[in-house]
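Fold and contact review
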Amino acid sequence: QVLHLVKTFMDMDQDSEDEKQQYLPLALHLASEFFLRNPNKDVRLLVACCLADIFRIYAPEAPYTSHDKLKDIFLFITRQLKGLEDTKSPQFNRYFYLLENLAWVKSYNICFELEDCNEIFIQLFRTLFSVINNSHNKKVQMHMLDLMSSIIMEGDGVTQELLDSILINLIPAHKNLNKQSFDLAKVLLKRTVQTIEACIANFFNQVLVLGRSSVSDLSEHVFDLIQELFAIDPHLLLSVMPQLEFKLKSNDGEERLAVVRLLAKLFGSKDSDLATQNRPLWQCFLGRFNDIHVPVRLESVKFASHCLMNHPDLAKDLTEYLKVRSHDPEEAIRHDVIVTIITAAKRDLALVNDQLLGFVRERTLDKRWRVRKEAMMGLAQLYKKYCLHGEAGKEAAEKVSWIKDKLLHIYYQNSIDDKLLVEKIFAQYLVPHNLETEERMKCLYYLYASLDPNAVKALNEMWKCQNMLRSHVRELLDLHKQPTSEANCSAMFGKLMTIAKNLPDPGKAQDFVKKFNQVLGDDEKLRSQLELLISPTCSCKQADVCVREIARKLANPKQPTNPFLEMVKFLLERIAPVHIDSEAISALVKLMNKSIEGTADDEEEGVSPDTAIRSGLELLKVLSFTHPTSFHSAETYESLLQCLRMEDDKVAEAAIQIFRNTGHKIETDLPQIRSHDFKPHWIGRGVYLKKKATFLYPLFYLFSASCSLLPLKERPKKKLGRTNRNFAYNKIIFKYYY
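Source: prediction; values computed, not measured.

A few words now on the overall build of the protein. Counting its secondary structure elements, the protein contains 41 helices and zero strands. Buried residues in the protein amount to 52% of all 738 residues. Contacts in the protein between residues far apart in sequence, at least 24 positions, make up 69% of those at least 6 positions apart. Of the roughly 35,500 Å² of accessible surface on the protein, a fraction of 50% belongs to carbon and sulfur atoms.

The following block contains the structure:
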């Protein structure tokens, strides 16, 4: 019978006056307690569908005159809407029909006449937000929106409880539980923004300005709500923003901090134009960069990174405030200024101007190690990204080309921590040691050619210090081979102290170095690995294997943080030849030959061929002091002989110096080089002795008796004085070539 009634009311339209009169008693009967409280779920659903049709048929006047009866009917219908939750239910289509009918007729608008209509609306809103889920199609959401928006837009206002039933779905905890209810609330607020904005403003005014947190259970979530509402539609907060400016000036530091965190999100969000639309609030917010409360200043600085990335047009406003904060007395704030600028620069170098990069440059000399380290590492990362990898083109590379010089200049600082970090940066960022040999040497070749004189000196000093430390470790290993004696122990102790001075925190390093020395004495295999590592013939690949093997032997799985192992790693990183070996020297010489022949990429790399050749030879000359054994190959020496034919005197001088440093075994191991028929360009120039004598004599004096290019019988006697020997060389050279 109920099914028959459902079909009857469904087919009936509003124009059937006779039928309306005929079925009026039945319509009143269906609203009786028997049906409204029927225990059968399906019966209740069918009755609700009939009642919805009755409201449609008898609209705009309902057949029920009692306010209490109307309230009972709509609360009953609202309870039936919970059935929308299960879209797989056999009765879902009837639940959908019920919703569609109510939304189309706007049946709930009848409740405006009731004094306690708010109770019905709150129940309805809560029900709809609780049942919406991802199995519902767009039609379900559309009808829900129509139903709720008509109540908001056609009513006299939105009460706080009804507003809470909407806003609660925006709170992160609820948002994460039911994404569909959040989306429904978002679309509803967008649709009703003109009507609901005043209600929202009143709520925030009560809580923020008047401090009446008791007006709503959501008072403790006001900042989360403001953030979500702003993301939905900034027009929802037109009257709220001045209240935030008021809160920024609060005497309570924690309160200011909360508002700064909120506004940082609002100003920094990608599509926000709040800074341009509300300049007074923006200026007030910028003032918090100078807040007396440290956490507020810190939060302001952290915000700047997102702002620079999402709103490059605001960089000018931020620059002056970041400049002040880069000199903040608080270490954490200076540190975060660097992080802010570097983070933005790594995203896109165009986001930061030269002035901002200059702040980072200044902090490389900060009094605090943590700040210096962050600045140096940040600049190193930018150099690798934009100069080595060329990710943003030549213009970007040119913008940060100063970084390599600045980082190497820091090697002049007295702190061992600074020196070690420069060495690490050089090995990982300036000339990454994990590159293939040819690529690594190309990187080094053009880096050296583009460095300023002070940076070149610093790099040379770095190699010198590393070589000296290798010598100390080699001497320590030699002492282990000698019989134990008091003199030996004393010499070993002195050597350990010297090595400790070359590591971070020399005081603690002494204990670790002593412990490492004991391990070396007990473990012959470990000594062998270390001897191989510092051997002049050790290749870069062998060095990498040795370092990993030594670290593996010293590691303790039960001790995640091992200060002893970390200190040993510092030592190994300093002495390991990760850049230079015979293969690397050969690659360097080939690069220089290409420059001489004019087939290199010199111009493309930003240096002239002459500069590349001269710097390349200077580089080889420096390496001939620190890695002489790596030069010992016929190919390398033949290439160097070509340099002696060049007209550049400094090039020839550097080549001769390289021969002097590395050629002591040429005569025995490479006789073909000794007998090589070469003739320097200046031989045969009669004016040379007069014009270039001061150059010629010292060159061949440096060449000394180890010069294998002259026959043994023709070399001057070592007993000759320095000046006489120079003249003797001059005489022999002419005799030999003529």
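After that view of the structure, there is still more to cover.
Let's shift gears to the nonpolar core. Core analysis: the largest hydrophobic core is formed by 202 residues, its most contacted members being Y108 and F204. Among the elements that make up this core, the one with the highest residue count is helix α4 (residues 41-58) (eleven residues). Apart from the residues lying within four places of it in its own chain, the contact partners of Y108 are F74, I77, T78, L81, L102, I120, F121, L124, L147 and I151. Core analysis: the second largest hydrophobic core is formed by 34 residues, L496, V513, C546 and F564 among them.

The subject of this paragraph is helix α8 (residues 138-154). Structurally, the α-helix is built with 3.6 residues per turn, so residues lying three or four positions apart point the same way. With 17 residues, α8 extends 24 Å from end C-alpha to end C-alpha; this agrees with the ideal 24 Å at 1.5 Å per step. Where α8 begins, the capping side chain belongs to N137, and its oxygen is found 3.1 Å from the backbone nitrogen of K139.

So, on to helix α34 (residues 609-626). Between the first and last C-alpha of α34 there are 26 Å, a value that for 18 residues agrees with the 26 Å anticipated at 1.5 Å per step. Taken together, the buried positions of α34 are occupied by A612, I613, S615, G616, L617, L619, L620, K621, V622, L623, S624 and T626. Along its buried surface, α34 packs onto α26 (437-450), α27 (453-481), α33 (582-597), α35 (634-644) and α36 (649-662).

Let us now look at the packing of aromatic side chains. Enumeration over the complete set of coordinates arrives at 16 aromatic pairs. Taking 4.9 Å as the distance between ring centres and 45° as the angle between the ring planes, the aromatic pair formed by F203 and F204 counts as tilted. Of the two residues, F203 and F204, neither departs from the other in class, the shared state being buried. A centroid spacing of 4.9 Å and a plane angle of 90° characterise the contact between F285 and F303, whose relative ring orientation is edge-to-face. Of the two residues, F285 sits in helix α17 (residues 279-286) while F303 sits in helix α18 (residues 294-310), which places them 18 residues apart along the sequence. F303 shares its class with F285; the two are buried. These aromatic residues form a ring-pair network of at least three members: F55, Y64, F74 and Y108.

This part is about the confidence of the model for the protein. This prediction gives the protein a mean pLDDT of 84; 88% of its residues lie at or above 70. Between the elements of the protein, mean pLDDT differs from a low of 32, seen in helix α39 (residues 688-691), to a high of 96, seen in helix α24 (residues 403-409).

Direction vectors running N to C along helix α7 (residues 117-131) and α8 enclose 155°, while the axes themselves pass 11 Å from each other. Between α7 and α8, the angle is such that the two are roughly antiparallel. For the crossing formed where α7 meets α8, the hand is left-handed. Along the contact surface, α7 presents F121, L124, F125, L128, F129 and V131, while α8 presents M144, L147, M148, I151 and I152. Of the residues in the contact of α7 with α8, the class split is eleven nonpolar, no polar and no charged.

Turning our attention to the side chain of N661. For N661, the location among the structural elements is in helix α36. N661 sits in the buried class, given a relative accessible area of 14%. In this view, N661 contacts K621, S624, F625 and P628; residues no more than four positions away in its chain are not counted.

Taken together, the side chains of E436, E438, E439 and E583 define an acidic patch exposed on the protein surface. Locating E438 in the fold gives a position in helix α26. Residue E438 is classed as exposed on the basis of its relative accessible area, which comes to 52%.

What follows concerns the environment of D164. When you line up the elements, D164 lands in helix α9 (residues 160-167). Residues D164 and F203, spaced 39 residues apart in sequence, show a C-alpha to C-alpha distance of 9.7 Å. When sequence neighbours within four positions are dropped, the list of residues in contact with D164 reads S216, D217 and L218.

Attention shifts here to the pattern of salt bridges. Oppositely charged side chains can pair when the atoms bearing their charge come close. In total, this model carries 31 salt bridges according to the counting rule given. With a shortest N-O distance of 4.0 Å, E245 and K249 are connected by a salt bridge. Its relative accessible area of 56% is what places K249 among the exposed residues. Across the pair R372 and D418 runs a salt bridge whose closest N-O atoms are separated by 3.1 Å. Here R372 is found in helix α22 (residues 369-388), whereas its partner D418 is found in helix α25 (residues 416-430), with 46 residues between them in sequence. The same class applies to R372 and to D418, which are both buried. One salt-bridge network, held together by shared partners, links K71, D116 and E119.

One non-glycine residue with positive phi stands out, namely K106, at about 60°. You can see K106 is positioned in the loop between α6 (92-105) and α7. For K106, a relative accessible area of 37% corresponds to the partly exposed category. Of note, D505 is a non-glycine position whose phi angle comes to about 50°, a positive value. Judged by relative accessible area, which is 38%, D505 ranks as partly exposed.

Residues V209, L210 and F246 make up a contiguous nonpolar surface patch of about 270 Å² in total accessible area. Of note, V209 is situated in helix α12 (residues 193-209).

With that settled, the discussion passes to the environment of S624. Tracing the chain through its elements places S624 in helix α34. Placed 38 residues apart in sequence, S624 and T662 show a C-alpha to C-alpha distance of 6.3 Å. Setting aside residues up to four positions removed in sequence, S624 forms contacts with F631, I658, N661 and T662. In this structure the side chain of S624 is engaged in a polar contact, spanning 2.5 Å, whose partner is the backbone oxygen of K621.

Quick look at the packing of α27 against helix α30 (residues 524-533) now. Packing of α27 against α30 leaves a shortest axis separation of 10 Å and a crossing angle of 145°. Handedness of the α27/α30 crossing: left-handed. Counting all contacts with α27, which are made through V473, L477, H480 and K481, the residues of α30 involved are R527, L530 and E531. Grouping the amino acids of the contact of α27 with α30 by side-chain chemistry returns three nonpolar, one polar and three charged.

Thresholds applied
- Residues numbered from 1 in each chain as written.
- Predicted model: local features only at pLDDT ≥ 70, side-chain atom pairs only at ≥ 80, totals over all residues.
- Heavy atoms only, no water.
- Helix = DSSP H or I, 4+ residues; strand = E, 2+ residues; numbered from the N terminus.
- Buried < 20%, exposed > 50% of the residue type's maximum accessible area, 1.4 Å probe, protein only.
- Contact = heavy atoms within 4.5 Å.
- Areas by Shrake-Rupley, 256 points an atom, 1.4 Å probe, with all protein chains shown as cover.
- Core = buried A, V, L, I, M, F, W, Y, C linked by side-chain atoms within 4.5 Å.
- Expected span 1.5 Å × (residues − 1).
- Polar contact = N/O pair within 3.5 Å; in protein donor to acceptor, adjacent residues only side chain to side chain.
- Phe/Tyr/Trp six-rings, centres within 6.5 Å; stacked < 30°, edge-to-face > 60°.
- pLDDT = per-residue confidence, 0-100.
- Axes fitted to C-alpha atoms, helices over the stretch in contact; angles between N-to-C directions.
- Parallel < 35°, antiparallel > 145°, perpendicular 65-115°, else oblique.
- Left-handed = near helix turned anticlockwise from the far one by under 90°.
- Nonpolar A, V, L, I, M, F, W, Y, C, P; charged D, E, K, R; others polar.
- Patch = residues over 30% accessible without salt bridge, like charges linked within 9 Å, V, L, I, M, F, W, Y side chains within 5 Å.
- Salt bridge = Lys/Arg side-chain N within 4 Å of Asp/Glu carboxyl O.
- Lys, Arg positive; Asp, Glu negative; His and termini not counted.
- Charge placed at Lys NZ, Arg CZ, Asp CG, Glu CD.

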